[in-house]
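Structure at a glance
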Number of protein chains: 2
Amino acid sequence: MLYTEMNKEELTAEKALLEEQYEEFKKKGLNLTMARGVPAPEQLDLSINMLLHCLDGDYKSKSGADCRSYGVLDGIPEAKELFMEMLGVGADEVIVGGNSSLQMMYDTIIRAMQLGVLGSEKPWCRYDSVKFLCPAPGYDRHFAMCEALGIEMITVPYKEDGPDMDEVERLAASDESIKGIWCVPMYSNPTGITYSDEVVRRFANLKPAAKDFRIFWDNAYCVHHLTNDHAHLLNIIEECKKAGNPNMVFEFSSTSKISFPGGGLAVICASKDNIDFIKKQMAFQTIGFDKLNQLRHAKYFKNFEGVTEHMRHHAAIIYPKFEVVLYNLEKEIGPLGIGKWTNPKGGYFISFDSLPGCAKRIVELAKGGGVVLTGAGATFPYGKDPNDSNIRIAPTYPSVGELLQAMVLFCICVRLASVEKLLAEK
Amino acid sequence: MLYTEMNKEELTAEKALLEEQYEEFKKKGLNLTMARGVPAPEQLDLSINMLLHCLDGDYKSKSGADCRSYGVLDGIPEAKELFMEMLGVGADEVIVGGNSSLQMMYDTIIRAMQLGVLGSEKPWCRYDSVKFLCPAPGYDRHFAMCEALGIEMITVPYKEDGPDMDEVERLAASDESIKGIWCVPMYSNPTGITYSDEVVRRFANLKPAAKDFRIFWDNAYCVHHLTNDHAHLLNIIEECKKAGNPNMVFEFSSTSKISFPGGGLAVICASKDNIDFIKKQMAFQTIGFDKLNQLRHAKYFKNFEGVTEHMRHHAAIIYPKFEVVLYNLEKEIGPLGIGKWTNPKGGYFISFDSLPGCAKRIVELAKGGGVVLTGAGATFPYGKDPNDSNIRIAPTYPSVGELLQAMVLFCICVRLASVEKLLAEK
């Protein structure tokens with residue numbers, strides 16, 4: 001029976017029942033964090049050999065550079081090659097960096113603020129205000145970065161196949177202080193959607209008021225398929241070239257969820273002109289990133305096939321966890337009409353939308369029961385979900401056993417919060 | 001006989017002789033770079049085992065953190081401990097970063113420009129101009145960084161025991177847009193001098209006009225002794241505390257010339273309040289640096305004794321190279337009165353001062369003979385040596401055999417450029 005069709009008495013009885021279940025659950029003393037998209041220990045074990053054996057006695061890049069020493073700002077060629085095939089770019093369209101793509105994004109924006117990007121009339125910090133478009137729900141660290149750097153955020157809603165492009169086009173064209181937009185175009189964080197070809201082409205054909213507008217294309221999950229039924233994403237760098245806007249996009253990715261979150265490789269891709277410009281700025285910041293780690297990755301994965309095969313092992317570990325979440329939601333929440341959720345083909349998240357006004361309460365209840373979820377609102381600019389309904393479920397880190405328990409709790413919490421809400425409205 | 005006492009005929013004859021030697025030397029076809037302070041391949045071989053064996057099966061920090069995964073922004077405790085003893089700071093006064101201290105300096109300054117430091121009334125970029133004091137000759141990358149970030153540089157001369165502190169005190173107190181000073185306090189790049197206790201104490205007791213003034217203390221060579229006759233440097237962080245200026249200094253160091261230039265660890269040290277402030281800013285840039293590399297270093301070196309012992313092996317390789325340079329300068333240049341040079345107890349450089357107006361010509365001649373030196377002027381702000389006399393000699397990378405040849409050429413070039421100069425003045 002749909003909760004929305006229950007009368008006050010029925011809801012009150014349901015509430016009492018759920019409160020009892022909740023109190024009963026608390027006795028388990030569960031203590032689990034599902035707040036972030038973190039690979040499980042078993043996933044980290046997949047590429048252990050890389051560390052131990054693949055650099056045995058040979059520290060030279062095929063370019064001749066000694067990877068132990070200084071230099072090679074844009075990365076050794078064999079590390080570039082891994083990403084070139086993964087992202088469909090040329091050797092002069094990529095810089096392989098350190099262990100964090102977040103750091104490459106932050107550095108790109110703070111340099112833009114302080115110095116400008118290719119084609120800027122002046123550094124962004126010389127404008128009275130700098131604004132970014134933020135399709136939401138989105139990645140909380142993107143939004144936090146804007147806030148930390150004093151960039152005003154304008155929320156753009158999502159449609160089924162990507163951001164609302166009518167809004168993106170209208171806003172980008174309306175104001176030259178709008179300098180960028182955040183995108184997680186494939187297996188998006190947290191919704192799991194992949195931008196359609198039409199959306200990507202409309203991005204490539206944007207006519208922003210700001211001549212130095214940039215699309216920040218965080219392609220974090222480009223090879224992170226959950227099953228053989230892959231999503232497909234158009235190559236934005238290619239499409240921007242075709243559209244005559246070759247310099248409008250910065251694409252980021254990393255091996256954080258391929259090899260190691262703490263010891264992987266990050267990458268920025270863009271047009272050759274953009275990359276040349278970035279390298280000129282970057283040469284004052286560092287002489288080069290960790291080439292030994294670049295060489296380790298290149299030797300271990302060998303090529304894009306090696307990466308692709310490796311990702312199948314990751315999927316084998318994490319897909320069952322997505323199944324556990326979806327099974328429980330369908331069984332416990334589906335018949336009650338108190339939530340919607342995504343069924344992603346890849347990535348690290350399931351996005352859950354509760355009845356309006358319930359997300360904070362659900363997260364609070366879950367915490368009381370021993371499961372820490374991503375803070376409600378975190379997926380929106382300034383941490384403010386206008387409907388207080390979106391919750392990001394990150395199922396990868398717990399074991400299947402833990403997750404089974406956590407989902408029992410989660411469903412109790414969703415039901416209880418919904419009943420409380422509906423009762424308050426009676 | 002001193003060149004300055006030669007008459008025109010004697011100088012002309014000497015010039016002809018030197019030109020003949022120079023042309024003869026060119027026939028060797030030497031091709032050598034001595035432009036930068038780069039460890040020799042033999043030095044990089046010293047710590048090879050670190051990479052191969054020390055992470056065998058154990059990826060946990062003693063804090064319990066899995067070093068393969070996300071987190072631990074300020075570095076794992078065992079990596080901190082290496083630096084705490086090396087630099088005399090507490091666990092809450094240090095952040096262990098990635099592979100580049102230059103990057104930590106750049107990031108610190110660009111954040112200061114964009115966001116300010118602890119105690120800033122406003123971000124530095126909101127001032128009409130931002131200025132740094134630059135004791136010179138100094139490290140060219142410090143100066144290049146200022147120039148790239150639009151920071152005006154004010155040159156301060158060096159004395160025997162450090163920067164001219166009368167000038168530093170006077171300038172720092174004179175203008176609140178003077179926000180910082182660059183220092184390489186131990187085995188300075190390029191002069192090799194170590195700041196005296198009095199100089200360090202005067203630094204700690206500075207009364208700058210800017211309340212958010214910072215000393216950028218690049219202690220890159222703190223354990224890089226050449227012999228057992230060590231220089232001694234006072235602990236600036238300690239002295240700043242004693243002087244009631246605990247937040248006035250940022251100290252940087254790295255293992256670039258301890259383990260690997262391309263795959264070492266960098267560190268920033270400062271007061272706990274500074275570090276807390278930096279961590280708050282830094283949390284938007286990255287989730288954490290490469291902890292696997294931090295664990296490698298901690299396991300390999302074990303403790304500060306391990307580092308100290310390791311540095312003796314480095315010294316055994318590079319000290320003979322310093323001897324080759326000094327021997328040749330004393331023998332070939334000393335008697336002629338056409339140059340002065342330093343005899344450092346550590347670090348990576350010998351600083352050579354030619355007759356005024358000769359440095360560019362010497363570097364040009366050396367290049368013609370097959371040896372690339374650091375560009376003349378590079379050791380001064382804006383690349384402009386007012387006397388055109390300073391040349392930074394970086395003897396570590398070439399083999400002793402190559403260096404013996406390079407020094408024959410260098411001495412010919414110094415003599416030839418000096419004779420040309422003296423003749424032009426006749």
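Residues numbered from 1 in each chain as written. Chains lettered and ligands numbered in written order. Predicted model: local features only at pLDDT ≥ 70, side-chain atom pairs only at ≥ 80, totals over all residues.

Attention shifts here to the overall build of chain A. When helices and strands are counted, chain A shows 14 helices and 13 strands. Expected size for 426 residues packed as a compact globule is a radius of gyration near 22 Å; at 23 Å, chain A falls within 12% of this value. Across its three principal directions, the C-alpha atoms of chain A cover 75 × 55 × 35 Å. A buried classification covers 55% of the 426 residues belonging to chain A. Taking all contacts inside chain A whose residues are at least 6 apart in sequence as the whole, residues at least 24 apart take part in 78%. (Helix = DSSP H or I, 4+ residues; strand = E, 2+ residues; numbered from the N terminus. Rg over C-alpha atoms; globule rule 2.2 N^0.38 Å. Buried ≥ 20, exposed ≤ 12 C-beta atoms within 10 Å, placed from the backbone. Contact = placed C-beta atoms within 7 Å.)

Of the two same-sequence chains, chain A is brought onto chain B (RMSD 0.0 Å, axial shift 0.0 Å) by a rotation of 180°. Viewed as a symmetry operation, the transformation between the two copies matches a two-fold axis. In this assembly, 100% of the residues forming the interface of chain A have copies in chain B that are likewise at the interface, indicating an isologous arrangement. (Least-squares fit on C-alpha atoms with pLDDT ≥ 70 in both.)

On to the sheet that holds strand 11 (residues 350–354) of chain B. All names here are of chain B. Read from one edge to the other, the open sheet built from 3 strands follows the order 10-11-13, with strand pairing classed as antiparallel. Edge positions in the open sheet fall to strand 10 (339–341) and strand 13 (390–393), since each of these has one partner strand only. Sheet twist, expressed as the mean angle between neighbouring strand axes with direction ignored, is 25°. Alignment of strand 10 against strand 11, held across 3 bridges, turns out to be antiparallel. Within strand 11, the residue paired with K340 across the bridge is D353. Strands strand 11 and strand 13 of the sheet are contacted by helix 13 (residues 359–368), whose axis makes an angle of about 40° with strand 13. (Pairing = 2+ DSSP bridges. Axes fitted to C-alpha atoms, helices over the stretch in contact; angles between N-to-C directions.)

Bringing the environment of L373 of chain A into the picture now. Along the chain, L373 of chain A turns up in strand 12 (residues 371–373). Taking C-alpha positions, L373 of chain A is 5.1 Å from M34 of chain A, a pair spaced 339 residues apart along the chain.

It is worth spelling out the interface of chain A and chain B at this point. Think of interface size as the accessible area that goes away when the parts come together; that is how it is often given. Contacts between the two partners involve 41 residues from chain A and, on the opposite side, 41 residues from chain B. Put simply, the parts of the chain that give the side of chain A that touches chain B at least two residues each are helix 2 (41–45), helix 3 (48–53), helix 5 (101–115), helix 6 (140–148) and helix 11 (291–301) of chain A. Here the element with the most residues in the side of chain A that touches chain B is helix 5 of chain A; it accounts for 6 residues. In terms of residue class, the side of chain A that touches chain B is made up of 24 nonpolar, 12 polar and 5 charged. (Nonpolar A, V, L, I, M, F, W, Y, C, P; charged D, E, K, R; others polar.)

Glancing now at the packing of helix 4 (residues 77–87) of chain A against helix 11 of chain A. Each packed pair of helices is defined by two parameters, the angle between the axes and the distance between the axes. Residue and element names in this part refer to chain A. Contact geometry for helix 4 and helix 11: axes closest at 8 Å, N-to-C directions at 60°. Between helix 4 and helix 11, the crossing angle belongs to the class labelled oblique. The two elements helix 4 and helix 11 cross, and the hand of that crossing is left-handed. Contacts from E78, A79 and L82 in helix 4 reach Q294, H297, A298 and F301 in helix 11. Looking at side-chain class alone, the contact of helix 4 with helix 11 contains 4 nonpolar, 2 polar and 1 charged residues. (Parallel < 35°, antiparallel > 145°, perpendicular 65-115°, else oblique. Left-handed = near helix turned anticlockwise from the far one by under 90°.)

In this section: the confidence of the model for chain A. Summary statistics for chain A give a mean pLDDT of 96 and a share of 99% for residues scoring 70 or more. Two numbers describe this predicted complex: its pTM, 0.96, and its ipTM, 0.95. (pLDDT = per-residue confidence, 0-100.)

Below, the discussion takes up helix 11 (residues 291–301) of chain B. All names here are of chain B. Within helix 11, 9 of the 11 residues are buried, leaving the element largely enclosed by the surrounding structure. Listed in full, the buried residues belonging to helix 11 are K291, L292, N293, Q294, L295, R296, H297, A298 and F301. After helix 11 finishes, the residue K302 shows a positive phi value of roughly 65°.

The geometry of helix 5 of chain A relative to helix 5 (residues 101–115) of chain B is characterised by a closest axis approach of 10 Å and an angle of 55° between their N-to-C directions. What the angle tells us is that helix 5 of chain A and helix 5 of chain B run oblique. Crossing of helix 5 of chain A over helix 5 of chain B shows left-handed handedness. In this structure, helix 5 of chain A contributes I110, M113 and Q114 of chain A to the contact, and helix 5 of chain B contributes I110, M113 and Q114 of chain B. Along the lines of polarity and charge, the residues of the contact of helix 5 of chain A with helix 5 of chain B split into 4 nonpolar, 2 polar and no charged.

So, on to the sheet that holds strand 2 (residues 94–96) of chain A. Residues and elements named next belong to chain A. Taking strand neighbours across the sheet as the criterion, the 8 strands line up as 2-9-8-7-6-3-4-5 in an open arrangement whose pairing is mixed. One side of each edge strand has no neighbouring strand; the edge strands of this open sheet are strand 2 and strand 5 (162–163). The pairing of strand 6 (residues 178–183) with strand 7 (residues 214–218) spans 4 bridges and is classified as parallel. Across the sheet, G180 pairs through a bridge with R214, a residue of strand 7.

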